[in-house]
Amino acid sequence: MAKNNDRRQEEERSAASYYKLNTDAVERLTDTKNAPKVSDAEIKKYTSKGKGKFHIPEWLKIVFIKFWFSGAICYYFLWGLGLYLHGLDLMFSLAVGLGIANDLLVNKLLRSFEPEQGAYDKWMMITARKFWSIFLNVIYSGVVLYCVFQSYYVINIMLGVDANADNSEAVAMVGVEPLLFGLLYMGFDMLLIAIKNTFIKIFRDAGANIPGGRK
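### Concerning the nonpolar core
One finds Leu 94, Leu 98, Leu 145, Val 148, Phe 181 and Tyr 185 to be the most contacted residues of the largest nonpolar core, which totals 19 residues. The set of elements that each furnish at least two residues to this core consists of α3 (58–81), α4 (87–112), α5 (133–158) and α7 (178–209). Leave out the neighbours within four places in its chain, and Tyr 185 touches Ser 70, Leu 98, Ser 141, Val 144, Leu 145 and Val 148. Counting 12 residues, the second largest nonpolar core, distinct from the first, contains Ile 62, Val 106, Leu 110 and Met 124.

Written as structure tokens, this is what we have:
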């Protein structure tokens, strides 16, 4: 009986030692305090992009989102409200619709799949995340909208269309429709954002070269 008790105690001590050894090993392996920091972009590289999988470039997704939403706003606001509003009232409504969509839909959607916070700020004109950013987006959308309609005017002039011609000749005019409108709006949006980013880079480089300036 004594031998059986000694054997049982020895087995329990061996099991306890084995359990403690494996517990320490697991703790060392899962120790996150001393682990090197890895960015979200690096983690995403190994989690969402497996080798051999088809991957759509990020810039193409962003360009398509901007194009699609601006074309949709043209369809619902310009074509839909065009039956009831005209002239400046219609343009103002379109600018408001584009600004709201840009602030609440486009920018929010871009932030939802950016690899790390702030990574896609370079694709936005208004990067602030405040309640008043919607008003800035409406003003900015009005500027882009003006550039878009000036482009329509230039295109029709280049095609030799006279705005004062009779109806038979006016049919040849390039009218406003969602596809071309979306492309033009997206193009001017990206152009103005590129200009903004260029100026920001110039000022940052200039500040870094000033003694005591920001590095």
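### Quick word on α4
Here α4 spans 36 Å end to end across 26 residues, near enough to the 38 Å set by a 1.5 Å rise per residue. Along α4, the sharpest kink reaches roughly 40°, centred on Asn 102.

### Side note on the packing of aromatic side chains
Where two aromatic rings form a pair, the distance of their centres and the angle of their planes describe that pair. All told, the structure shown has 8 aromatic pairs when counted by the stated rule. Where Phe 149 meets Tyr 152, the ring centres are 6.0 Å apart and the plane angle is 40°; that geometry is what we call tilted. On the criterion of helical spacing, the pair formed by Phe 149 and Tyr 152 is a turn pair, its members being 3 residues apart in helix α5. By way of ring pairs, the aromatic residues Phe 149, Tyr 152, Phe 181 and Tyr 185 are connected into one cluster.

Scoring rules and cut-offs
- Residues numbered from 1 in each chain as written.
- Predicted model: local features only at pLDDT ≥ 70, side-chain atom pairs only at ≥ 80, totals over all residues.
- Heavy atoms only, no water.
- Core = buried A, V, L, I, M, F, W, Y, C linked by side-chain atoms within 4.5 Å.
- Buried < 20%, exposed > 50% of the residue type's maximum accessible area, 1.4 Å probe, protein only.
- Helix = DSSP H or I, 4+ residues; strand = E, 2+ residues; numbered from the N terminus.
- Contact = heavy atoms within 4.5 Å.
- Expected span 1.5 Å × (residues − 1).
- Bend = angle between axes of the 7 residues up to and from the residue.
- Phe/Tyr/Trp six-rings, centres within 6.5 Å; stacked < 30°, edge-to-face > 60°.

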